[in-house]
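Coordinate analysis (summary)
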Amino acid sequence: EKFDIVKKWGINTYKCTKQLLSERFGRGSRTVDLELETQIELLRETKRKYESILHLARALTAHLYSLVQTQHALGDAFADLSQKSPELQEEFGYNAETQKLLCKNGETLLGAVNFFVSSINTLVNKTMEDTLMTVKQYETARWDREPGGSGVLCTAGGRGPMPGVLHRLEYDAYRTDLEELSMGPRDAGAVSRLDAAQSQFQSHKDKYEKLRADVAIKLKFLEENKIKVMHKQLLLFHNAISAYFAGNQQQLEQTLKQFNIKLKTPGTEKPSWLEEQ
């Protein structure tokens with residue numbers, strides 16, 4: 001039994017190595033699903049653009065945080081001088097109140113922007129990345145199967161085994177083998193080898209098409225989820241930013257209520273949600 005396993009592994013290794021070398025030297029054909037490949041490339045491009053948005057949104061959060069801290073300190077300074085400068089008490093007083101209000105609105109805006117950042121981060125680094133892991137299983141170029149083992153494949157980037165994946169390279173290897181036998185002589189031995197090759201090819205084809213279908217389904221679900229998430233987050237971002245710069249405190253607070261965003265309780269000594277990012 002062990003000899004048969006090693007023999008089967010050896011044949012499989014030979015076929016896949018032969019197919020890989022044929023492709024690299026331009027002699028072998030590679031199965032390409034143009035529609036699926038286009039969707040995959042679009043996903044990668046979308047992920048790059050969303051990563052840019054995430055980077056900019058984090059930078060905006062940092063700048064807003066610094067602005068709020070400055071306004072808070074400035075308000076305290078005005079309030080202190082209001083108590084110590086009777087001749088300018090009123091002027092320092094209303095400037096202190098203005099900075100206090102701006103600080104409060106800034107903290108509210110920060111809550112909205114942080115929620116936006118958190119949601120985009122989940123979409124990019126969890127949801128999209130999970131789909132791309134399925135894509136990598138589909139298009140991986142490095143074949144690595146151990147004789148007698150559990151049957152695992154490793155990614156081209158060497159990120160570790162992917163159990164149970166029988167990828168594109170094996171499918172093309174057995175397809176090529178079948179095509180070569182089909183063009184050969186049809187004696188009794190050839191017919192028997194052709195039948196065996198047809199059976200092996202069909203097995204690999206079924207597994208490859210299942211993997212391809214898994215990718216297509218993941219891409220479909222990802223697109224639906226992306227639209228749903230971004231519709232909510234872009235509305236939140238627009239409403240919060242617009243209300244803040246219009247000085248509409250009531251609308252700003254209503255925006256947070258609309259999206260069920262809760263701000264950190266004032267007066268706690270723990271690091272702020274921004275510092276924990």
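Remember, it's a predicted structure, so these values are computed and weren't measured experimentally. (Residues numbered from 1 in each chain as written. Predicted model: local features only at pLDDT ≥ 70, side-chain atom pairs only at ≥ 80, totals over all residues. Heavy atoms only, no water.)

So, the overall build of the chain
Scanning the chain from N- to C-terminus turns up 6 helices and 2 strands. Scored against the burial criterion, the 277 residues of the chain give a buried share of 35%. Residue pairs in contact within the chain that sit at least 24 positions apart in sequence constitute 73% of those at least 6 positions apart. As presented, the chain carries roughly 17,200 Å² of accessible surface, and 56% of it is formed by carbon and sulfur atoms. (Helix = DSSP H or I, 4+ residues; strand = E, 2+ residues; numbered from the N terminus. Buried < 20%, exposed > 50% of the residue type's maximum accessible area, 1.4 Å probe, protein only. Contact = heavy atoms within 4.5 Å. Areas by Shrake-Rupley, 256 points an atom, 1.4 Å probe, with all protein chains shown as cover.)

A look at the packing of aromatic side chains
Here the structure, examined in full by the defined rule, presents 3 aromatic pairs. Judged by centre distance (4.7 Å) and plane angle (40 degrees), the ring pair of F116 and F237 falls under tilted. Of this pair, F116 sits in helix α3 (residues 89–139) while F237 sits in helix α5 (residues 188–245); the two residues are 121 residues apart in sequence, bridging distant segments of the chain. Residue classification places F116 among the buried positions, given a relative accessible area of 4%. Given the relative accessible area of 26%, F237 is considered partly exposed. (Phe/Tyr/Trp six-rings, centres within 6.5 Å; stacked < 30°, edge-to-face > 60°.)

Structural notes on the pattern of salt bridges
Scanning the model with the defined rule gives 12 salt bridges in all. For D214, the salt bridge identified is with K210, shortest N-O distance 3.4 Å. Linking D214 with K210, this pair stays in helix α5, spanning 4 residues, or about one helical turn. D214 gets classed as partly exposed once you look at its relative accessible area, which sits at 29%. The exposed category is assigned to K210, whose relative accessible area is 55%. We note a salt bridge from E223 to K226, for which the minimum N-O separation is 3.2 Å. Taken together, the residues E223 and K226, both in helix α5 and 3 residues apart, mark about one turn of the helix. Since its relative accessible area comes to 38%, E223 is described here as partly exposed. Its relative accessible area of 14% is what places K226 among the buried residues. Residues joined in a network through salt bridges with shared partners are K47, E51, E129 and K136. (Salt bridge = Lys/Arg side-chain N within 4 Å of Asp/Glu carboxyl O.)

Considerations on the UniProt feature "coiled-coil region" (unreviewed entry) in the chain
Following the UniProt record, one finds the feature "coiled-coil region" (unreviewed entry) at residues 194–225. Between the end C-alpha atoms of residues 194–225 there is a gap of 46 Å, over a span that is 100% helix and 0% strand. (UniProt positions renumbered as here; feature names shortened; annotations may be inferred.)

Some thoughts on the nonpolar core
A general feature of soluble globular proteins is that nonpolar side chains tend to end up buried together. Residues I40, Y138 and V215 are the most contacted members of the largest nonpolar core, which totals 42 residues. Going through the elements one at a time, α2 (34–84), α3, α4 (168–182), α5 and α6 (249–258) are the ones with two or more residues in this core. Among the elements that line this core, the one with the most residues is α3, at 14 residues. (Core = buried A, V, L, I, M, F, W, Y, C linked by side-chain atoms within 4.5 Å.)

Here we look at α4
Think of an α-helix as turning once every 3.6 residues; residues three or four places apart then point the same way. The first and last C-alpha atoms of α4 sit 21 Å apart over 15 residues, in line with the 21 Å expected at 1.5 Å per residue. Counting buried positions over the 15 residues of α4 gives 11, a clear majority of the element. Along α4, the residues that are buried comprise R168, L169, E170, Y171, D172, A173, Y174, R175, T176, D177 and L178. (Expected span 1.5 Å × (residues − 1).)

A closer look at the environment of T176
Structurally, the position occupied by T176 is in helix α4. Exposure remark for T176: the relative accessible area of 19% places this residue in the buried category. On a C-alpha basis, the gap between T176 and K15 in space is 9.1 Å, while along the polypeptide they are 161 residues apart.

Regarding unusual backbone geometry
Phi at N260 is positive, roughly 55 degrees, even though this residue is not glycine. Position of N260 relative to the elements: it lies in the segment after α6.

Examining the side chain of N239
Along the chain, N239 falls in helix α5. A distance of 3.2 Å separates the side chain of N239 from the side chain of H238, its partner in a polar contact. Excluding its chain neighbours within four sequence positions, the residues that come into contact with N239 are T255 and Q258. (Polar contact = N/O pair within 3.5 Å; in protein donor to acceptor, adjacent residues only side chain to side chain.)

Description of the environment of Q89
Position of Q89 among the secondary structure elements: in helix α3. Note on Q89: relative accessible area 40%, which makes it partly exposed. Q89 sits 11 residues away from F78 along the chain, and the two C-alpha atoms are 9.2 Å apart.

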